[in-house]
Amino acid sequence: RTDGSVATMNLPAWEASHLLTTLDFAAQFPGVIFKAPKHLVNIWGSPSIGPGTEIAAFVEIGDGVVIGERCKIGAYTFIPPGVTIGDEVFVAPGVRFSNDKHPPGDRADWLPTVVQDGAMLGIGAVILPGVTIGERAVVGAGAVVTKCVPAGETWLGNPARPLRRAAWSAARLA
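This structure is a prediction, so every number in the text was calculated from the model and none was measured. (Residues numbered from 1 in each chain as written. Predicted model: local features only at pLDDT ≥ 70, side-chain atom pairs only at ≥ 80, totals over all residues. Heavy atoms only, no water.)

Student: Explain the sheet that holds strand β16 (residues 138–139) to me, using residue names and the numbers behind them.
Tutor: If you trace the eight strands from one edge of the open sheet to the other, you get β1-β4-β7-β10-β13-β16-β18-β19, paired in mixed fashion. Each edge of the open sheet carries a strand with a single partner, namely β1 (33–34) and β19 (161–162). Bridge count for strand β4 (residues 54–55) against strand β7 (residues 72–73) is two bridges, and the pairing is parallel. Its bridge partner lying in β7, Ile55 is registered against Ile73. (Pairing = 2+ DSSP bridges. Helix = DSSP H or I, 4+ residues; strand = E, 2+ residues; numbered from the N terminus.)

What follows is the structure, given as structure tokens:
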């Protein structure tokens, strides 16, 4: 203020809780970049999130989840306990992981899901429990992954299958 008086701020309850959450997240996840106000991200339990990872709004990350360094986690993504995501993985908005093959099951029955380094998961993909997505693999938008995806392959569809490419040759073009 120009008159020298001290201004006070009357914060609504949600804004005050956002400030507290921001401080909590900064201390618990150093180097993680939250692309939305922290009250729009639900992190429960004790996940591990690597530095340089970007997390968008409306993401839910469960207890014991491991997310590597320099990942991008899109909005509306659900990552339950038992999921491990490697370094430099791109998870587009709306990706859903599952950890329970026959819900509702006991935690002891949950299956781990692994996404290896450099993989890319398209918007709205569904990754079922017990699946491994290989290094640098690509899962197309809306795919439902029921089996392991080998490294470097692109899988599409419901259920997801490998992308087949036509073998082109000079003789074939003649």
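Student: Any chance you could break down the pattern of salt bridges for me, citing the residues and the numbers?
Tutor: What the rule picks out here adds up to three salt bridges. One salt bridge in this structure joins Arg70 and Glu69, with 2.8 Å as the shortest N-O distance. Arg70 gets classed as partly exposed once you look at its relative accessible area, which sits at 41%. By relative accessible area, which is 33% here, Glu69 ends up partly exposed. Through salt bridges that share partners, Glu69, Arg70 and Glu88 make up one connected network. (Salt bridge = Lys/Arg side-chain N within 4 Å of Asp/Glu carboxyl O. Buried < 20%, exposed > 50% of the residue type's maximum accessible area, 1.4 Å probe, protein only.)

Student: I'd love a proper account of the sheet that holds strand β6 (residues 66–67), names of residues and values included.
Tutor: Spatially, the five strands line up as an open sheet ordered β3-β6-β9-β12-β15, and their pairing is parallel. Edge positions in the sheet fall to β3 (48–49) and β15 (132–133), since each has one partner strand and no second. Of the strand pairs in this sheet, β6 and strand β9 (residues 83–85) are connected by two bridges, and their pairing is parallel. Paired with Val66 across the two strands is Thr84, which belongs to β9.

Student: I'd like to hear about the environment of Thr84, residue by residue, with values.
Tutor: Relative to the helices and strands, Thr84 is located in strand β9. Residue classification places Thr84 among the partly exposed residues on the basis of a relative accessible area of 32%. Sequence separation between Thr84 and Pro112 is 28 residues, and the spatial gap between their C-alpha atoms is 7.7 Å. Apart from the residues lying within four places of it in its own chain, the contact partners of Thr84 are Val66, Thr113, Val114 and Val115. (Contact = heavy atoms within 4.5 Å.)

Student: Which residues make up the environment of Gly31, and what are the values?
Tutor: With respect to the helices, strands and loops of the structure, Gly31 is situated in the loop between α1 (13–28) and β1. Overall, Gly31 belongs to the partly exposed group, its relative accessible area being 45%. Spatially, the C-alpha atoms of Gly31 and Gly52 are 5.6 Å apart, while their sequence positions differ by 21 residues. If near-sequence neighbours (up to four positions away) are discounted, Gly31 is found in contact with Pro51, Gly52 and Thr53.

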